[in-house]
Structures are given as C-alpha cells and as structure tokens.
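Per-entry structural report
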Amino acid sequence: MKFYIEEFPLLVLTLICVAAILIVAILLIVRYRRSQRLRSAGSYVEALKDLIRGDEESAFRHLKRVVKEDTANTDAYLKLGDIFRRRGEVVRALQIHRQLTVRNDLNTRTRMELLKSLALDYMESNKNEQAIAKLKELISLDKKDLWGHQQLLRQFERQKDWSQALSAQETIFKITGQKDDSLLALYEVQIGHKWADQKEFHKARLKYKDALRRDRLCVPAYLDLGDAFQQEGRLDEALESWKELLQKVPEKAYLAFERLERVLYEKGQFGEVAKIYRDLLERDPDNLRALLALATLYDKKGNLDEAIRTCQRALQVDATSHVARQLLVKFYQQRGDQAKVMENLETLINSAQVTPNRFLCRNCGHESQEPLWRCPHCDQWRTYIP
Ligand SMILES: [Zn+2]
C-alpha cells in the first residue's frame, strides 16, 4: 500500500506525460494533414490554372503532387489520366481511369466525366467496341448528352455501321433541333450499298427508296437504284430510275448519261438516247452537259450539221466552254472547213488563260473560289485541293 502511495504521483506524472505527448502528436498529425490538404488543394488550383493556360507540363507536375497527397481527389486523377492520353501514353491513362471506376463515392457528374475520359482512351487505342460501350453508358446517364451522341456517331461511321449511324444522327438532330433530310438520305444510301455489296439487290433498292422518301432530290439514290435494277437484268426499271433523276435534278442529270447510253445501246434502242437528251433540253434548255452529249451523239451518227449546230448552242450557253470549242474544231476538221478550224482554234488559244482558282473539298466536293483550311460544308479540316 505504501508502495502505491509513494509511487502514485510518479504514475500520475507518467500518465500525464504520455497523454500530453499523445495530444501533441495528434495535434501535429492533424496540423500536418491539414497543411498537406491545403498544400494539395493549392497544387490542385495551380494545376487547374496551368490547364487553363495550356501548360500541360506544369499541370502534370502539380497533379502528380495532388494525387500523392490527397488520394480522394478524383478529379485530379481524372485529369492526370487525360494528360497521359494526350501525351500518347494511353495505357497509363486507361490504368488510372479504370482504377477510378471502382470508387462508389462518385457523383453522376464525375461519373460522366470519367466515362468520357475512358471513351477517349479506348478511341485512342482503336478499341471501338469498348469506346462504344462507354459512350452508351454515358448516354444512359444523360440521354441528351450531345458530345456522347456525336462521338457515338463517329464510331458508327468508322465501323461503317450506317443503320446505327443514321439513328445516332437522327438523335443529334432531335437534341439540337436541326433537320437535314438530305444528309439522312445519304445514310440510307450507304445502308443500300452494303446490301448491294452482298448482292442483296432487292434489300438495297428498298433502302434507296427510303432515301428518296427522305429526299426526293437524292442524286445517288436514283443512280444506285438504277444500278441495282440493272444488276438483276431489269433494264427497263433501271432506265426509269435514271430518267427520273433527269426529271427531278436536271443539273445533275449528266451523272446518268453514261449509264443511260450503255443500257439503251445494250437494248439496241439507239434512237432513244438522242430523244432523252432532247427532252431534257426542252425542260432545261441551258443544260450544257446535255448539249455536249447530244453534239457528240450527232457526230457518232455522222450528222455533222446537227453536231455543229448543237455545239454552237452550247457556246451560246457558255462561250468559255473549252470542251464545246474543242468539239467544234474537231467537227469542222471532219468537214474539211479549214477556215472555221483556224478561227475556232484561235479563239481557243486566246481564251487559254490561267483559269481562276477553284478549290474543291476532297471530302464533300464543296467548291470555293479561295483557299480554305476548314470546309464550311462538311466541317473537315485541310480537305481543300486546288
Ligand atoms: Zn467538305
């Protein structure tokens, strides 16, 4: 007992000391943690500023510090992964992003950001199926996510899955309130091509007709519909499709000329070709290409007078048409009219100036007088050729 009494103050003192040390230790840890959090928060803010400035190197360094000090900062991990992807280290990007998917404390917004990053990672590594899966997951969280639908459309187009692309494009139009039936018609045409490639011409034709239901002026639909009939030996129906193009879109009629001539010759209906051109010219008198085709046809038949007359008509429509002038030279030559040959050759030589620049989009054929680096028609970059 005595022992205890004597020892008591020492024990209390020891306990107090231990408690004091503990308290100081806890305080130090709390302070350290707080300062670490503050430091990491500071680094995070710096990283965000770097990203806004476009300084990815510095952002990368800051973000690495953030995730070391504060493993709860999901957004820092997300952005770090994105930088890895942009640096071409897509495996690291995927590693970081995949690890985040198992966290169950993510809110919907963060989860959506994560799905976007993952989709981009998969796209970068050409894993289209996985990219599509992530994009679909993203869209399931927000059905109106435009970015998700646009990326999905790109993936479907890459895979040449035109049916899915078509519905993705329709959804995008619904979200943005736009409408472009002639574009949707082109998707139908693509679906048709796939059937035609498999020699399923009936199914192909149904698609071309769907295209025409969307857009009565869909040029490839008329051409391909005729081709699909022709493939099965249904020449009359093929001719009907192409003649309809002449009716509906006379300015693009020339695209069917060669087809019409081929099939009509095959059928032995030589006279029909000239009649088609004349009918077209009756409705569309200034159709230069029809005039040139008709002139060539008259020449083939040995009717030089009509050939020359038609050429002159063509030159009335477009006095600068080199093709018309060349044909005229050729016809006068055949007739032996040297004076006319010389006269027209002279005109041809004098008009041979540097033609004004024409720039064509390789992607959509859009034409521009001046060089463009982004097509205003199809939104593609660097598609213009002089
Ligand atoms: Zn274009």
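Residues numbered from 1 in each chain as written. Predicted model: local features only at pLDDT ≥ 70, side-chain atom pairs only at ≥ 80, totals over all residues. Heavy atoms only, no water.

With that out of the way, let us pick up the overall build of the protein chain. The helix and strand inventory of the protein chain stands at 18 helices and three strands. On the principal axes, the C-alpha backbone points of the protein chain span a range of 145 × 50 × 30 Å. Expressed as a percentage of the 386 residues in the protein chain, the buried residues total 39%. Within the protein chain, contacts between residues separated by at least 24 positions form 40% of all contacts whose residues are at least 6 apart in sequence. Looking at the protein chain as shown, the accessible area adds up to about 23400 Å², and 54% of this sits on carbon and sulfur atoms. Distance between charge centroids for the protein chain: 6 Å, based on 64 positive and 56 negative side chains. (Helix = DSSP H or I, 4+ residues; strand = E, 2+ residues; numbered from the N terminus. Buried < 20%, exposed > 50% of the residue type's maximum accessible area, 1.4 Å probe, protein only. Contact = heavy atoms within 4.5 Å. Areas by Shrake-Rupley, 256 points an atom, 1.4 Å probe, with all protein chains shown as cover. Lys, Arg positive; Asp, Glu negative; His and termini not counted. Charge placed at Lys NZ, Arg CZ, Asp CG, Glu CD.)

One can describe the packing of helix α4 (residues 90-101) onto helix α5 (residues 108-124) by two numbers: an axis separation of 10 Å at closest approach and a directional angle of 150 degrees. Looking at the two axes, α4 sits roughly antiparallel to α5. Judged by the twist between their axes, the crossing of α4 over α5 is left-handed. In contact with Val90, Ala93, Leu94, His97, Arg98, Leu100 and Thr101 of α4, α5 contributes Arg111, Leu114, Ser117, Leu118, Asp121, Tyr122 and Glu124. Residue composition of the contact of α4 with α5, by class: seven nonpolar, three polar and four charged. (Axes fitted to C-alpha atoms, helices over the stretch in contact; angles between N-to-C directions. Parallel < 35°, antiparallel > 145°, perpendicular 65-115°, else oblique. Left-handed = near helix turned anticlockwise from the far one by under 90°. Nonpolar A, V, L, I, M, F, W, Y, C, P; charged D, E, K, R; others polar.)

With that settled, the discussion passes to the packing of aromatic side chains. Centre-to-centre distance and the angle between the planes together describe a pair of aromatic rings. Taken as a whole, this structure holds four aromatic pairs when the rule is applied. Plain terms: the ring middles of Phe60 and Phe84 are 5.1 Å apart, the flat faces sit at 85 degrees to each other, and that makes the pair edge-to-face. Of this pair, Phe60 sits in helix α2 (residues 56-69) while Phe84 sits in helix α3 (residues 74-86), and the two are 24 residues apart along the sequence. Looking at Phe84, the relative accessible area reads 2%, which means it is buried. (Phe/Tyr/Trp six-rings, centres within 6.5 Å; stacked < 30°, edge-to-face > 60°.)

Often, the extent of an interface is quoted as the loss of accessible area upon association of its parts. Its domain assignment divides the protein chain into domain 1 (2-67), domain 2 (73-176), domain 3 (180-272), domain 4 (285-353) and domain 5 (357-386). The C-alpha-based centres of domain 1 and domain 3 are spaced at 76 Å. (Domains from an automatic or database assignment.)

With that settled, consider the coordination of the zinc ion. The protein atoms that coordinate the zinc ion are Cys361 (SG), Cys364 (SG), Cys375 (SG) and Cys378 (SG), at distances spanning 2.1 to 2.4 Å. Because the angles between the four donor atoms bound to the zinc ion fall within 101 to 115 degrees, the donor set is best described as tetrahedral. For Cys361, a relative accessible area of 4% puts it in the buried group. Judged by relative accessible area, Cys364 falls into the partly exposed class, the value being 31%. (Donors = N, O, S within 2.8 Å, 3.2 Å for Na, K, Ca; no water. Tetrahedral: all angles 85-135°; square planar, octahedral: opposite > 155°, others 65-115°.)

Moving on to the layout of surface pockets. It is a probe the size of a water molecule, rolled over the atoms, that shows where empty space is left. By volume, the largest pocket is sized at about 1700 Å³. In terms of lining residues, the largest pocket is bounded by 37 residues, among which Leu183, Leu186, Cys364, His377 and Cys378 are the most central. Secondary structure elements with two or more residues in the lining of the largest pocket: α7 (146-158), α8 (162-176), α9 (181-197) and α11 (219-231). For the lining of the largest pocket, the element with the most residues is α9, which contributes seven residues. Here the lining of the largest pocket is composed, by residue class, of 17 nonpolar, 12 polar and eight charged. (1 Å grid on protein atoms, 1.4 Å probe; cavity = no way out; pocket = protein on both sides within 12 Å on 5 of 7 lines; lining within 4 Å. Points joined across faces, edges and corners; volume = space filled by probe spheres on them.)

In this section: the nonpolar core. Core analysis: the largest hydrophobic core is formed by 56 residues, its most contacted members being Trp242 and Phe331. Tallying contributions element by element places helix α15 (residues 288-300) first for this core, with eight residues. No fewer than three residues from each of domain 3 (180-272) and domain 4 (285-353) sit in this core. Beyond its immediate chain neighbours, meaning those up to four positions away, Phe331 contacts Ala295, Asp299, Leu304, Ala307, Ile308 and Cys311. (Core = buried A, V, L, I, M, F, W, Y, C linked by side-chain atoms within 4.5 Å.)

Right, let's get into the environment of Ile349. Tracing the backbone through its elements, the reader meets Ile349 in helix α18 (residues 338-350). A relative accessible area of 59% means that Ile349 is categorised as exposed. Residues Ile349 and His322, 27 residues apart in the sequence, show an inter-C-alpha distance of 10.0 Å.

This part is about the packing of α11 against helix α13 (residues 254-266). Following both chains from N to C, one finds α11 and α13 inclined at 20 degrees, their axes separated by 11 Å at the closest point. Of the possible angle classes, the one that applies to α11 and α13 is roughly parallel. Our pair here, α11 against α13, has a crossing hand that is left-handed. Here α11 contributes Val219, Leu223, Asp227 and Gln230 to the contact with α13, which in turn contributes Leu255, Ala256, Arg259, Arg262, Val263 and Glu266.

Let us now look at a positive patch on the surface. Taken together, the side chains of Arg61, Lys64, Arg65, Lys68 and Arg92 make up a positively charged region of the molecular surface. Structurally, Lys68 can be placed in helix α2. Look at Lys68 and you get exposed, because its relative accessible area is 73%. (Patch = residues over 30% accessible without salt bridge, like charges linked within 9 Å, V, L, I, M, F, W, Y side chains within 5 Å. Salt bridge = Lys/Arg side-chain N within 4 Å of Asp/Glu carboxyl O.)

This part takes up a nonpolar patch on the surface. A grouping of Val18, Leu22, Ile26 and Val30 is seen on the molecular surface, where their side chains present a nonpolar patch of about 350 Å² in accessible area. Turning to its location among the elements, Val18 is positioned in helix α1 (residues 2-53). Among the residues examined, Val18 registers a relative accessible area of 43% and is labelled partly exposed.

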